[in-house]
There are 2 protein chains.
Amino acid sequence: MGKDLIINSFKQITGFTDIELETVLKYFETKKIKKKSVLLHAGKVANEVYFIINGCIRLFCVKDGEELSTYFFTEKMFAGAYDSFISRKPSRHSIETLEDCQVLVLTYQALEELYAIFPKMNEFVRKSIEERFVILHDLFTSYILNGPEERYLNLQKERPDLLNRIPQHQIASFLGITPVSLSRIRNRLVKKP
Amino acid sequence: MGKDLIINSFKQITGFTDIELETVLKYFETKKIKKKSVLLHAGKVANEVYFIINGCIRLFCVKDGEELSTYFFTEKMFAGAYDSFISRKPSRHSIETLEDCQVLVLTYQALEELYAIFPKMNEFVRKSIEERFVILHDLFTSYILNGPEERYLNLQKERPDLLNRIPQHQIASFLGITPVSLSRIRNRLVKKP
DNA sequence: TCAATTTCTTAACTTTTGTTATCGTTTTTT
DNA sequence: AAAAAACGATAACAAAAGTTAAGAAATTGA
């Protein structure tokens with residue numbers, strides 16, 4: 001069953017007992033979501049995060065009528081517009097599924113209740129977000145340090161699955177470049193080395 | 001006294017009592033650091049974070065012999081190479097003071113002890129890092145969404161102090177561009193609007 | 001299945017940014 | 001105070017990325 005995945009995640013990060021975990025899991029709701037479903041429209045406050053059992057979820061902004069992808073979530077990740085979820089302010093990002101998904105939904109209120117019942121949740125979330133922070137910081141650094149081509153190679157190395165399951169123009173915007181530019185980079189790479 | 005600053009930070013974020021805070025503060029060491037002191041060399045594991053009472057601290061990487069600034073910390077911020085501090089892996093970044101600084105040093109071990117003594121520290125750090133995460137995510141998003149000129153204007157709006165206390169070529173690398181390019185952007189901006 | 005849409009590539013051209021170098025100016029260092 | 005180093009503006013040229021457009025291939029949906 002899908003809940004195994006999240007149980008393992010919990011166990012790896014913090015010392016919840018099996019009995020505690022049983023209670024914790026009651027605060028998550030299993031949901032199946034069709035491809036191309038919008039989970040959050042920009043401008044709304046994010047009230048949910050999604051632990052992905054399978055499928056792929058995209059975070060994106062609209063700028064000058066164009067959709068720019070800012071992150072891709074896949075299996076075993078908590079997907080969501082964290083910034084809005086945390087700050088309780090309207091999100092600049094929208095969220096949509098790129099594939100049919102099976103997820104565990106955790107609402108803001110459910111999380112608050114979990115904090116109240118299990119203070120240990122603070123440790124769990126602290127460690128989870130520390131992990132995500134390190135990843136995000138790394139990603140951010142690579143936008144300062146590396147050019148588009150290097151960033152593409154990085155992505156290929158760090159998350160090769162993405163390149164096969166996500167349309168190229170969405171990858172391009174995630175890399176901060178245009179689809180045309182990404183096409184040129186790929187062209188260069190097959191020829192040169 | 002400088003410790004007022006950190007006490008207020010604590011109080012704003014979590015419900016520590018005055019007596020608890022007195023104990024907590026014993027784990028911080030006050031330090032004065034001269035301008036241009038290197039606090040961490042890339043390749044080492046970061047064992048300290050620094051709450052800045054006054055002064056300015058820079059995070060940077062060296063790439064092809066060039067120093068690229070990836071973040072600037074100022075008053076009331078916890079400065080440090082979080083990714084290394086958290087992951088306990090060698091840091092790709094170095095840290096140095098840009099000005100004479102007065103800081104409160106917290107070592108990794110001291111923090112571990114604080115977690116053990118005050119489980120509430122988990123809540124404090126969770127909320128602190130959530131805040132930093134939101135800021136970092138916003139910054140990251142602006143590298144995908146905005147061009148260099150917009151990013152410069154953003155910086156001018158969000159952290160105007162930086163433009164006056166930090167050399168322009170360091171600002172440039174933080175914006176992901178060359179000093180020459182930043183000079184052009186500034187030139188454009190004074191003429192046009 | 002077949003038409004419509006989406007996706008990717010390629011090309012020609014424009015704009016922006018990077019590179020290198022020069023030249024005052026300011027700041028450090030001795 | 002003088003010498004050295006660092007800093008920022010500018011120019012000229014090269015390289016890279018953006019823009020627009022056209023066309024082939026793949027996907028989607030009816």
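In this report, we go over the structure that sits alongside the text.

About the thresholds
- Residues numbered from 1 in each chain as written.
- Chains lettered and ligands numbered in written order.
- Predicted model: local features only at pLDDT ≥ 70, side-chain atom pairs only at ≥ 80, totals over all residues.
- Heavy atoms only, no water.
- Axes fitted to C-alpha atoms, helices over the stretch in contact; angles between N-to-C directions.
- Helix = DSSP H or I, 4+ residues; strand = E, 2+ residues; numbered from the N terminus.
- Parallel < 35°, antiparallel > 145°, perpendicular 65-115°, else oblique.
- Left-handed = near helix turned anticlockwise from the far one by under 90°.
- Contact = heavy atoms within 4.5 Å.
- Nonpolar A, V, L, I, M, F, W, Y, C, P; charged D, E, K, R; others polar.
- Near = heavy atom within 4 Å.
- Polar contact = N/O pair within 3.5 Å; in protein donor to acceptor, adjacent residues only side chain to side chain.
- Buried < 20%, exposed > 50% of the residue type's maximum accessible area, 1.4 Å probe, protein only.
- Pairing = 2+ DSSP bridges.

This brings us to the packing of helix α1 (residues 3-13) of chain A against helix α2 (residues 18-25) of chain A. Residue and element names in this part refer to chain A. Across the interface, α1 lies against α2 with an axial gap of 11 Å and an inter-helix angle of 125°. As summarised for this structure, α1 and α2 are arranged oblique, according to the angle between their axes. The element α1 and its partner α2 pack so that their crossing is right-handed. Residues K3, I6, I7, F10 and K11 of α1 lie in contact with α2, whose contacting residues are D18, L21, V24 and L25. The class makeup of the residues in the contact of α1 with α2 is 6 nonpolar, no polar and 3 charged.

A:R184, B:Q168, B:H169, B:S183 and B:N187 are the nearest of the 17 residues found near DNA strand D. At a separation of 3.2 Å, a phosphate oxygen of DNA strand D approaches a polar backbone atom of B:H169. Element by element, the count of residues in the surface near DNA strand D is highest for helix α9 (residues 179-191) of chain B, at 5 residues. Split by residue class, the surface near DNA strand D holds 5 nonpolar, 7 polar and 5 charged.

Here we come to the pairing of strand β8 (residues 101-107) of chain A. All names here are of chain A. Across the 7 residues that make up β8, a large majority, 5, are buried. Here 5 bridges tie strand β1 (residues 29-33) to β8, and the two strands are oriented antiparallel to one another. Bridge pairing in β8 links E29 to V105. Of the strand pairs in this sheet, strand β3 (residues 48-54) and β8 are connected by 6 bridges, and their pairing is antiparallel. Within β8, the residue paired with V49 across the bridge is L106.

A separate point is the side chain of B:N122. Considering the arrangement of structural elements, one finds B:N122 in helix α5 (residues 120-145). Of the residues examined, B:N122 reaches a relative accessible area of 7% and is grouped as buried. Contact partners of B:N122, with chain neighbours within four places excluded, come to A:N122, A:E123, A:R126 and B:Y115.

To continue, consider the sheet that holds strand β7 (residues 94-97) of chain A. Pairing between the strands of a sheet is mediated by backbone hydrogen bonds and can be parallel or antiparallel. Taking strand neighbours across the sheet as the criterion, the 4 strands line up as β2-β7-β4-β5 (chain A) in an open arrangement whose pairing is antiparallel. At either end of the open sheet lies a strand with only one pairing partner, and these are β2 (38-40) and β5 (66-73) of chain A. Averaged over all pairs of adjacent strands, the angle between strand axes in this sheet comes to 35°, irrespective of strand direction. Across 2 bridges, β2(A) lies against β7(A) in antiparallel orientation. Counterpart to A:V38 in the pairing with β7(A) is A:E96. Here α5(B) sits on the sheet and contacts β4 (57-63) and β5 of chain A; the angle it forms with β5(A), its principal contact strand, is near 135°.

What follows concerns the sheet that holds β8(A). Residues and elements named next belong to chain A. A sheet is described by the order of its strands in space; here 4 strands give the open sequence β1-β8-β3-β6, paired in antiparallel fashion. Every interior strand has two partners, whereas the edge strands, β1 and β6 (78-79), have only one. Across 2 bridges, the pairing between β3 and β6 is antiparallel. Paired with F51 across the bridge in β6 is F78. Where α1 meets the sheet, it contacts β1, β3, β6 and β8, and its direction lies at approximately 115° from that of β3.

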